Amino acid sequence: VFHLENNSRTYPNRAYFLGGVDSLRGFLQDQVLPQDQVDLIDSERAQGRTLSPAAIVRTGDFFYLGRAELRFPLFGSLQGGIFCDLGNVWAFGDTVRFEALFRLRVSVGAGLRITTPVGPIALDYGFNLTRREDLAEPFGAFHFSIGLF
């Protein structure tokens, strides 16, 4: 999303979020902080200041996401899967710089899939390989989904 007017902002229900079963599975739902906000937090810390949590934008105008999954049969309708998800999000599209595109958030993991009459059921655990402990990011996240795989 690129705004045509300087004071324009994206409605929260139209903005992008990353994290969760349908994006980066090493994070909880919508948990990934935008990269430009992480950079702002880091610069404030370097100057000995702390940002108020209310000042941090958690939605994004720009994101990219790549996901790969390899599935293999286990027994009957039960399948296993291993996956890798990578991407990032920025709160403001005009803050994205080419070199920043290589600052990936990466999660890998494994899970089980089963086909049922109700629909597919998936259990996944993703590990956050680019964890930021200073921002209280999790080691990983467990996800359960019905109808998604």
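Residues numbered from 1 in each chain as written. Predicted model: local features only at pLDDT ≥ 70, side-chain atom pairs only at ≥ 80, totals over all residues. Heavy atoms only, no water.

Colleague: Looking at this structure, how should I read the layout of surface pockets?
Modeller: Vacant regions in the atomic arrangement are exposed by a probe of water-molecule size rolled over the atoms. By volume, the largest pocket is sized at about 260 Å³. What lines the largest pocket is a set of 13 residues, and nearest its centre among them are L33, I41, R45, I56 and L135. Grouping the constituent residues of the lining of the largest pocket by class yields six nonpolar, two polar and five charged. (1 Å grid on protein atoms, 1.4 Å probe; cavity = no way out; pocket = protein on both sides within 12 Å on 5 of 7 lines; lining within 4 Å. Points joined across faces, edges and corners; volume = space filled by probe spheres on them. Nonpolar A, V, L, I, M, F, W, Y, C, P; charged D, E, K, R; others polar.)

Colleague: I would appreciate a short explanation of the side chain of H143 in the present structure.
Modeller: You can see H143 is positioned in strand β5 (residues 140-146). A relative accessible area of 8% places H143 in the buried class. Looking at H143, its side chain comes within polar contact range of the main-chain oxygen of R25, at 3.0 Å. (Helix = DSSP H or I, 4+ residues; strand = E, 2+ residues; numbered from the N terminus. Buried < 20%, exposed > 50% of the residue type's maximum accessible area, 1.4 Å probe, protein only. Polar contact = N/O pair within 3.5 Å; in protein donor to acceptor, adjacent residues only side chain to side chain.)

Colleague: Even after reading the chapter, I still don't get the pattern of salt bridges, so can you show me in this structure?
Modeller: Under the criterion given, the structure shown has 13 salt bridges. Its salt-bridge partner being E69, residue R71 comes within 2.7 Å of it at the nearest N-O pair. Taking the relative accessible area as the measure of exposure, R71 reaches 38% and is therefore partly exposed. Here E69 falls in the partly exposed class, since its relative accessible area comes to 29%. (Salt bridge = Lys/Arg side-chain N within 4 Å of Asp/Glu carboxyl O.)

Colleague: Whenever I open this one, the sheet that holds strand β3 (residues 105-116) confuses me. Can you help?
Modeller: Sheet strands associate in pairs through backbone hydrogen bonding, adopting either a parallel or an antiparallel arrangement. An order of β1-β2-β3-β4-β5 is seen for the five strands of this open sheet, with the pairing classed as antiparallel. The sheet is open, and its two edges are formed by β1 (62-75) and β5, each paired on a single side. When strand polarity is set aside, the average angle formed by the axes of neighbouring strands in this sheet is 20°. As paired elements, strand β4 (residues 119-128) and β5 share seven bridges and run antiparallel to each other. (Pairing = 2+ DSSP bridges. Axes fitted to C-alpha atoms, helices over the stretch in contact; angles between N-to-C directions.)

Colleague: In this structure, what is going on with unusual backbone geometry? I would like to understand it.
Modeller: With the exception of glycine, most residues fall at negative phi, and the peptide bonds are largely trans. For D30, which is not glycine, the phi dihedral falls at a positive 55°. Inspection of the secondary structure assignment puts D30 in the segment before α1 (35-46). According to the relative accessible area criterion, D30 is partly exposed, its value standing at 36%. Of note, A136 is a non-glycine position whose phi angle comes to about 60°, a positive value. Take A136: it is sitting in the loop between β4 and β5.

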